[in-house]
Amino acid sequence: MINLDDILYQVTRPARYTGGEWNSIQKDWDKTPIRIALSYPDLYEIGMSTLALPILYELLNRQPDVLAERVYAPWPDMEAAMRHSGIPLFSLESRHPLKDFDIVSFSLGYELTYTNVLNMLDLAQIPVLAAARSDAHPLVIAGGCCTFNPEPMADFIDLFVIGEGEAILPELLSAFRDSRTATKVELLRRLATIPGIYVPSLYQVDYEANGQFKSITPIATEASPCIQRQLVTELPPPPTKPVVPYIEVTHDRGAVEIQRGCSNGCRFCQAGTIYRPVRERPLEELLQAVGELITNCGYNEISLVSLTTSTYPHIDQLVAKLFQRYEANHLILSLPSLRTEKLSPELLNSLATHKRTGLTFAPETGSERLRRVINKNISNDDILNTASEVFSHGWTSLKLYFMLGLPTETTDDVEAIIGLVDSIRASGGRGRSKPQLKISLSAFVPKPHTPFQWVAQQSEAELVAKHELLQQGLGRKGIRLFWNNPKVRRLEAVLSRGDRRLGRVIYRAWQLGSTFDGWSEQFNYPNWLQAFKEANLTPDFYAQRERSLDEALPWSHIDTGVTLAFLKREYQYALKNRVTPDCRYHPCNSCGLQRWHPTCQQRYQSPNQSRR
Ligand code: SF4
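Everything quoted here is computed from the prediction, not taken from an experiment. Residue positions are counted from 1 within each chain, in the order its sequence is given. Residues qualify for local features only when their pLDDT is at least 70, as the model is predicted, and side-chain atom pairs are given and counted only at 80 or more; totals for whole chains, interfaces and linings, by contrast, use all residues. Excluded from the side-chain calculations are hydrogens and water; all other atoms, namely the structure's heavy atoms, are used.

Caption draft 1: Geometry of unusual backbone geometry. Here the amide bond leading from Arg276 into Pro277 is cis, since omega sits at -15°, within 30 degrees of zero. Within the fold, Pro277 resides in the loop between helix H8 (271-274) and strand S12 (279-280). At Arg13, a position not held by glycine, the phi torsion is positive, near 45°. Helix numbering and strand numbering both begin at the N terminus, where a helix is a DSSP run of H or I of at least 4 residues and a strand a DSSP run of E of at least 2. Take Arg13: it is sitting in the loop between helix H1 (5-8) and strand S1 (34-40). Each residue's exposure class comes from its accessible area (1.4 Å probe, protein chains only) as a fraction of the maximum for that residue type: buried when under 20%, exposed when over 50%, partly exposed otherwise. Among the residues examined, Arg13 registers a relative accessible area of 35% and is labelled partly exposed.

Caption draft 2: Structural detail: the site of the ligand. Around the ligand sit Arg276, Cys583, Cys588, Asn589, Ser590, Cys591, Leu593, Gln594 and Cys600, and that is every residue in its neighbourhood. Residues are grouped as follows: Ala, Val, Leu, Ile, Met, Phe, Trp, Tyr, Cys and Pro are nonpolar; Asp, Glu, Lys and Arg are charged; all remaining types, including Gly, are polar. Here the shell around the ligand is built from residues that sort into 5 nonpolar, 3 polar and 1 charged. Being near a molecule or strand, for a residue, comes down to having at least one heavy atom within 4 Å of it.

Caption draft 3: The sheet that holds strand S15 (residues 360-364), seen in detail. By the convention used here, strands pair only if DSSP detects at least 2 bridges between them. Read from one edge of the open sheet, 4 strands run S15-S16-S17-S18, paired in parallel fashion. Whereas interior strands pair on both sides, the edge strands pair on one side only; in this sheet they are S15 and strand S18 (479-483). Ignoring strand direction, the axes of neighbouring strands in this sheet form an average angle of 25°. The sheet contact formed by strand S17 (residues 436-443) and S18 spans 5 bridges and is parallel. Across the sheet, the residue bridging to Leu437 is Ile479, located in S18. Helix H14 (residues 411-426) contacts S15, strand S16 (397-404), S17 and S18 of the sheet and is inclined by roughly 170° relative to S16. Comment: axis = line fitted to C-alpha atoms, over the contacting stretch for helices; angle = value between 0 and 180 degrees taken between N-to-C directions. It only takes one pair of heavy atoms within 4.5 Å for two residues to be counted as in contact.

Caption draft 4: Region of interest: the nonpolar core. Joining through side-chain atoms within 4.5 Å is the link that ties buried Ala, Val, Leu, Ile, Met, Phe, Trp, Tyr and Cys residues into a set, and such a set is a nonpolar core. The biggest cluster of nonpolar side chains holds 113 residues, and the ones touching the most others in it are Met153 and Leu159. Apart from residues no more than four positions distant in its own chain, Leu159 is found in contact with Leu139, Val140, Ile141, Ala142, Leu172, Leu188, Leu191, Ile197, Tyr198, Val199 and Pro200. Listed in part, the 56 residues of the second largest apolar core include Ile258, Leu287, Val319 and Tyr326.

Caption draft 5: How the structure looks around the domain arrangement of the protein chain. Partitioning the protein chain into structural domains gives domain 1 (5-228) and domain 2 (253-357). For domain 1 versus domain 2, the distance between C-alpha centres works out to 30 Å. Accessible surface is computed with a 1.4 Å probe, and the buried area is the amount of it that two parts give up when combined, taken over both parts together. A buried area of about 800 Å², summed over both sides, lies between domain 1 and domain 2, and 52% of it is on carbon and sulfur atoms. One side-chain nitrogen of Lys or Arg within 4 Å of one carboxyl oxygen of Asp or Glu is enough to make a salt bridge. Counting across the domain 1 and domain 2 interface gives 3 salt bridges. Pairs of N or O atoms are called polar contacts if they sit within 3.5 Å, as long as, within protein, a hydrogen donor faces a hydrogen acceptor (for residues adjacent in sequence, only side-chain-to-side-chain pairs). At the surface where domain 1 touches domain 2, the tally comes to 4 residue pairs in polar contact (both at pLDDT 80 or more). Class assignment of the residues belonging to the side of domain 1 that touches domain 2 gives a composition of 5 nonpolar, 1 polar and 2 charged. What fixes the domain bounds is an automatic or database domain assignment.

Caption draft 6: Structural view of the packing of aromatic side chains. Any pair of Phe, Tyr and Trp rings, taking the six-membered ring for Trp, is counted once the centres come within 6.5 Å. Such a pair is stacked with planes under 30 degrees apart, edge-to-face with planes over 60 apart, and tilted for the rest. One pass over the structure, following the stated rule, counts 16 aromatic pairs. Relative to Phe213, the ring of Tyr207 has its centre 6.4 Å away and its plane inclined at 80°; by these criteria the two rings are edge-to-face. We classify Tyr207 as partly exposed; its relative accessible area is 26%. The interplanar angle of 80° and the centroid separation of 6.4 Å between the aromatic rings of Phe452 and Tyr571 together place this pair among those described as edge-to-face. Within this pair, whereas Phe452 is found in the loop between S17 and helix H15 (460-474), its partner Tyr571 is found in helix H20 (residues 564-575), the two being separated by 119 residues in sequence. These aromatic residues form a ring-pair network of at least three members: Phe444, Phe452, Trp454 and Tyr571. When the ring centre of Tyr207 is taken as origin, the NZ or CZ atom of Arg501, which lies over that ring, is 3.9 Å away. Lysine NZ or arginine CZ positioned within 6 Å of the ring centre and within 35 degrees of the ring normal marks a charge as sitting over the ring.

Written as structure tokens, this is what we have:
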């Protein structure tokens, strides 16, 4: 086991690296044949707050012949101490170096963690480039929402898992068990035959003379021209014995995923496509899971996680029953993502009579026209009525999310944000009793597999001008504005719609010292500009260029189940301010999943069936 005694005293928050937390699982290294490192390319406090890792941790460790151990990206002070002492990156459970594992997996949930993946491989003394790794090195795999455009990371990852781990990992493990004596090339070819697995080295990418992406073609018989997202029909029971951190993490509470997927159909939202269709957990399963979390972890605050928590059909009952059943535990519930129009008086009453957590709403924009463009069909009256209800139930503050630079946005739309924020504040009392509002503003990032995947991101100058307009309009006591650096959002837009050539840019930016790009104190845009220049590419080509609807897209070989025809239709509807109704309460919109998913097939065939 690696000894950290000589370096831990030099670093901030050493408990990030010590392991041994409550509920961590330590299996016998020598007696467990398949060893998997679950790597999260961000800080411990962030990784310990996500739901993806606990699901995989439990799923994998449940297999008798598999051990799964965690590793997070060391902060630069720890990285420097480790490099100085020659300590390779290690897992938290057994402190084995990552290079001793059979598989090193990365969760890719945010494009600005890409350089951390390279840095972690390097710190683990594993060659960063997949082509430089031999049979002696672990298989490097990646999953998560960023893999829906895997191309920018194709040079570094041996294979991508496209879709839900619960659906793909059993088959991947089984093939891995059967191929222990195979070479890496043989293993990758075998794994490429599994639905949902994409092995980038088995494909050739071609570009047009003008630099645009042209095509991606399999160069091995095992590789499929199209990788179909895999998903579970029914959600398995949620993990209820997650590792409990010793130090405060970003979301320091238990979490239960109450449903997966979202049927709202917001046109900017990638999650709305790649987690379709909605799959709900039964009420009783959730009531029990919360009880187990309380018993197994000692939490009294539980987050009910979903893309839109208030759209869970039994949310009123769930919240009321949870408070009733776990009253003795002084339960606090946090509902992280609420739709204003779906917030019932019963739900507000339940939440208001217990210890309150902050409420967050996302109107996204101030104008109803623009809200129709993005298919978030909520009226300003709905928002104001809900805000007024919230304040009358005793909340004294509210957090609101808005986006700037949405397609078709005008100055009038931006000014409408000022009007809406003022009205919301006015709905909550007068004078000193007026509520406090936190306004979070971020620049719109067009994402792959959404109806806005073709649109150009606005220039930094345009975004800054809009931000300044809001600063002037909302600069008063009681309102605090938070603004994401538009350069960070520019880089996110570049990496999310990039092609395989961006591997050279990511590699060079990392060589120049970029890591933790999502952290303002670490973000170094000049590094990236230099990396682009050396690769003879420009960020604007990827972020600020409108694509034609016929242009080949670098992620076209990844099939989410939602058809290109549907996305194009949604884009055309957006340009006409036309709304597509929520398929959970209205007839199926034939997005494509009716070909795959039993629930969708049913809804497609019985168009009048409503679920509420
Ligand atoms: S197939 Fe129909 S019901 Fe299923 S997610 Fe798509 S639009 Fe909704």
